[in-house]
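Coordinates in review
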Amino acid sequence: LFALSPSRSMPLVVVTGLPTTGKTRRSEELRDFLQAQGHEVSLVNEESLYQDRNRNYASVVNEKNARGELKSAVQRLLDTKRVVIADSMNFIKGFRYELFCVAKEVGTTMCTVFCDESVATARNWNQECQHYAEEVFDDLAGRYEVPNGKNRWDSPLIICSTSRTRIDNVAGSRDTTTPFITCPMPHFHDHTVHTETPCKEIKAALFESDRLKPNKSTMVRPVSSGNLMHEVDRALKDIVMTVFKAQNDVAPMAAMVVPRTTRPVRICRRVTLPELKRIQGNFHRIVLANKQASVEMLATLFVDFLGKAVNEKIS
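Residues numbered from 1 in each chain as written. Predicted model: local features only at pLDDT ≥ 70, side-chain atom pairs only at ≥ 80, totals over all residues. Heavy atoms only, no water.

Attention shifts here to the sheet that holds strand β3 (residues 82–87). What holds strands together in a sheet is hydrogen bonding between their backbones, with the strands either parallel or antiparallel. Read from one edge of the open sheet, six strands run β2-β3-β1-β4-β5-β6, paired in parallel fashion. Looking at strand neighbours, the two that pair on one side only are β2 (40–44) and β6 (193–194), the edges of this open sheet. Pairing of strand β1 (residues 12–17) with strand β4 (residues 110–115), which is carried by six bridges, proceeds in the parallel orientation. Of the residues in β4, the one forming a bridge with Val 13 is Cys 111. Packed onto the sheet, helix α4 (residues 93–106) meets β1, β3 and β4 and runs at close to 175° relative to β1. (Pairing = 2+ DSSP bridges. Helix = DSSP H or I, 4+ residues; strand = E, 2+ residues; numbered from the N terminus. Contact = heavy atoms within 4.5 Å. Axes fitted to C-alpha atoms, helices over the stretch in contact; angles between N-to-C directions.)

Here's what the structure looks like:
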């Protein structure tokens, strides 16, 4: 099998499909399969980011913020140690292209897993599990942009479906009486459709294919030392003020969402503003030791630093 070099980032799996089409189930099956073979795997989805599905799609702003948090988490987690699975609808082709650019930026491989079910099937499953409000489901189903294996950002494309009719449709004998996704379907005739999660095929697509090569438009440009302290200081101030204002509305150790990172803050007690600022000041030595890190990475480190400083002080 293809061996990863020590300096190479691990692969990215982008899972996509209509609401309630088994994306998380298949993602968890893939995670368990890879972990059993000795790989470290991070699963990024609404649950891991402490997001509410219906709230994410209640407004354009919420939806944009939810996608931003998912992308930031993928960027933060892609490293030489773990496979990252982006388990979300990823229903906009432009966003799948952004994730493709993230993989290209770090020079790794990726594949797209499409959970292909009809709108009618997905709606029935949603009525059973009630994950999405009916109006949210209808809106998302109407806006879903089906992946196309001919697009480089959707390739290689691996298709999964529990429906026999869906498999026959892909083979070219579409049953026109079956409700189908309302968007124009790409040509799937060259793709095998799997009823079970094809973990071996996904692993082969990730570990036996050529990695993406970054170009000038996707290469990471580190923040210059002259601007780093200013950018980080602004980010830390935003986090400090968010924590100071939000702590009155949450229970101890509850997750507080803060800007510039997907990592939530969890503290066991109320903290005064002067104490928060002292912790921020103490963190600057870590900033000076990590001048090549991104602002988002340093913001994540600060969240961990803040939680440790507050929670260990009381224990």
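Time to look at the nonpolar core. Among the nonpolar cores identified, the biggest contains 25 residues, and Val 232, Ile 239, Val 243, Val 265, Ile 267, Phe 302 and Leu 306 are the most heavily contacted of them. Put simply, the parts of the chain that give this core at least two residues each are α9 (225–246), α10 (273–289) and α11 (295–314). In terms of residues, this core owes the most to one element, α11, which gives eight residues. When sequence neighbours within four positions are dropped, the list of residues in contact with Ile 239 reads Val 258, Pro 259, Ala 299, Phe 302 and Val 303. In terms of nonpolar packing, the next biggest core, distinct from the first, is built from 20 residues, Phe 33, Val 41, Ile 158 and Ile 202 among them. (Core = buried A, V, L, I, M, F, W, Y, C linked by side-chain atoms within 4.5 Å. Buried < 20%, exposed > 50% of the residue type's maximum accessible area, 1.4 Å probe, protein only.)

Moving on, we get to the packing of aromatic side chains. Per the stated rule, a full pass over the model turns up six aromatic pairs. Where Tyr 57 meets Phe 91, the ring centres are 6.2 Å apart and the plane angle is 70°; that geometry is what we call edge-to-face. Pair noted here: Tyr 57 is in the loop between α2 (53–56) and α3 (60–77) and Phe 91 is in the loop between β3 and α4, with a separation of 34 residues, a long-range link. The residues Tyr 57 and Phe 91 share a single accessibility class, namely buried. Joined through ring pairs, the aromatic side chains of Tyr 97, Phe 100 and Trp 153 make up one cluster. (Phe/Tyr/Trp six-rings, centres within 6.5 Å; stacked < 30°, edge-to-face > 60°.)

Turning to its location among the elements, Thr 20 is positioned in the loop between β1 and α1 (23–36). Setting aside its immediate chain neighbours within four residues, Thr 20 contacts Ala 122, Trp 125, Asn 126, Cys 129, His 131, Tyr 132 and Phe 137.

Within the secondary structure layout, Ala 122 lies in helix α5 (residues 119–129). The exposure class assigned to Ala 122 is buried, which follows from its relative accessible area of 0%. Each C-alpha atom of the pair Ala 122 and Thr 20 lies 5.7 Å from the other, and the pair is 102 residues apart in sequence. In contact with Ala 122, not counting residues within four places along its chain, are Leu 18, Pro 19, Thr 20, Thr 21 and Phe 137.

Contact geometry of α5 with helix α6 (residues 134–143) gives a least axis separation of 11 Å together with a crossing angle of 155°. Between α5 and α6, the interaxial angle falls into the category roughly antiparallel. The chirality of how α5 crosses α6 is right-handed. Between α5, through Val 119, Ala 122, Arg 123 and Asn 126, and α6, the contact on the second element is made entirely by Phe 137, Asp 138 and Ala 141. Taken together, the residues that form the contact of α5 with α6 break down as four nonpolar, one polar and two charged. (Parallel < 35°, antiparallel > 145°, perpendicular 65-115°, else oblique. Left-handed = near helix turned anticlockwise from the far one by under 90°. Nonpolar A, V, L, I, M, F, W, Y, C, P; charged D, E, K, R; others polar.)

Turning our eyes to something else, we now look at the confidence of the model for the chain. Scored by pLDDT, the chain has a mean of 80; 79% of the residues are at 70 or more. Ranking the elements of the chain by mean pLDDT puts helix α7 (residues 164–170) last with 43 and β1 first with 94. Counting contacts from residues 1–7, a segment whose pLDDT is below 50, to residues more than four positions away or on other chains yields 10 contacts. The low-confidence segment residues 164–190, where pLDDT is below 50, has 55 contacts with residues more than four positions distant or belonging to other chains. (pLDDT = per-residue confidence, 0-100.)

Here we come to the pattern of salt bridges. Overall, the coordinates contain 15 salt bridges when judged by the stated rule. For the salt bridge of Arg 123 with Asp 138, the shortest nitrogen-to-oxygen distance reads 3.0 Å. Of this pair, Arg 123 sits in helix α5 while Asp 138 sits in helix α6; the two residues are 15 residues apart in sequence, bridging distant segments of the chain. By relative accessible area, which is 35% here, Asp 138 ends up partly exposed. Of the charged contacts in the structure, one is a salt bridge between Arg 260 and Glu 296, with a shortest N-O distance of 3.5 Å. With Arg 260 in the loop between α9 and α10 and Glu 296 in helix α11, this residue pair connects regions lying 36 residues apart in the sequence. A cluster of three or more residues bridged by salt bridges with shared partners is formed by Glu 63, Arg 67, Asp 139 and Arg 143. (Salt bridge = Lys/Arg side-chain N within 4 Å of Asp/Glu carboxyl O.)

Time to look at unusual backbone geometry. Pro 156 follows Ser 155 through a cis peptide bond whose omega is -5°. Tracing the chain through its elements places Pro 156 in the loop between α6 and β5 (157–160). Even without a glycine there, the phi angle at Tyr 50 is positive, about 55°. With respect to the element layout, Tyr 50 can be found in the loop between β2 and α2. Notably, Met 253 is not glycine yet its phi reads approximately 70°, a positive angle. With respect to the element layout, Met 253 can be found in the loop between α9 and α10.

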